[in-house]
Amino acid sequence: MNHGTVAIAIVQHQVMIIQAARSHNRRDRWLDVYTYTPFGERLFLASPVPQARIAPSDLLVVFPFRTPTSDMIELPAQAYHEYLELNAKNQLKHENMWRRWKARLH
């Protein structure tokens, strides 16, 4: 993953847009990334905790483009659609997990 590469990843159990903070190779155990939260249609701003270190297995989709900015990212329509789908899938997973846990209590 090259410096500035944009991707979708799981960060702190949430689906987020991330950007590689530096170049990484396949042997790296951790990826240093900038994290972004949604700010409207296709627009993402730096999150309240803008830097993170994630495992390569947390990557969901790596996009074929890079961006030089680190404060705001605007995704192309297809990339935004992928983000929405993965976010909904993750939300459903957590809701189902919560329902199963709640059912065990009753």
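Each chain has its residues counted from 1, following the order in which its sequence is written. Thresholds applied to this predicted model are a pLDDT of at least 70 for local features of residues and 80 or more for the giving and counting of side-chain atom pairs; totals over whole chains, interfaces and linings are not thresholded and use all residues. Each side-chain value is worked out from all heavy atoms of the structure, with water and hydrogens disregarded.

A. How the structure looks around the environment of Glu74. Its place among the elements puts Glu74 in strand E6 (residues 72-74). C-alpha of Glu74 to C-alpha of His13: the two residues are 61 residues apart in sequence and 23 Å apart in space. We call two residues in contact whenever any of their non-hydrogen atoms come within 4.5 Å of each other. Aside from chain neighbours lying at most four places away, what touches Glu74 is Arg42 and Leu43. Counting from the N terminus, the helices are DSSP H or I runs at least four residues long and the strands are E runs at least two residues long.

B. Here's a closer look at the sheet that holds strand E4 (residues 43-54). In this scheme, strands are said to pair when DSSP sees at least two bridges between them. Taking strand neighbours across the sheet as the criterion, the 6 strands line up as E5-E1-E2-E3-E4-E6 in an open arrangement whose pairing is antiparallel. Edge positions in the open sheet fall to strand E5 (59-66) and E6, since each of these has one partner strand only. In this sheet, adjacent strand axes meet at a mean angle of 40° when their direction is disregarded. Where E4 meets E6, 3 bridges bridge the pair, whose relative direction is antiparallel. Looking at the pairing, Leu43 lines up with Glu74 of E6. Angles run from 0 to 180 degrees between N-to-C directions of axes, and those axes are lines fitted to C-alpha atoms, restricted for helices to the stretch in contact.

C. Structural view of the pairing of strand E2 (residues 14-20). Here the term buried applies to any residue with accessible area under 20% of the maximum for its type, exposed to any over 50%, and partly exposed to those in between, with areas from a 1.4 Å probe on protein chains only. In terms of burial, E2 is a largely internal element, 6 of the 7 residues being buried. Of the strand pairs in this sheet, strand E1 (residues 5-11) and E2 are connected by 6 bridges, and their pairing is antiparallel. Paired with Ile10 across the two strands is Val15, which belongs to E2. Turn length for the E1-E2 hairpin, with the two strands adjacent in sequence and antiparallel, is 2 residues, and the turn residue Gln12 shows positive phi of about 50°. As defined by bridge partners, E2 adjoins strand E3 (residues 31-38) across 4 bridges and the pair is classed as antiparallel. Bridge pairing in E3 links Ile18 to Thr35.

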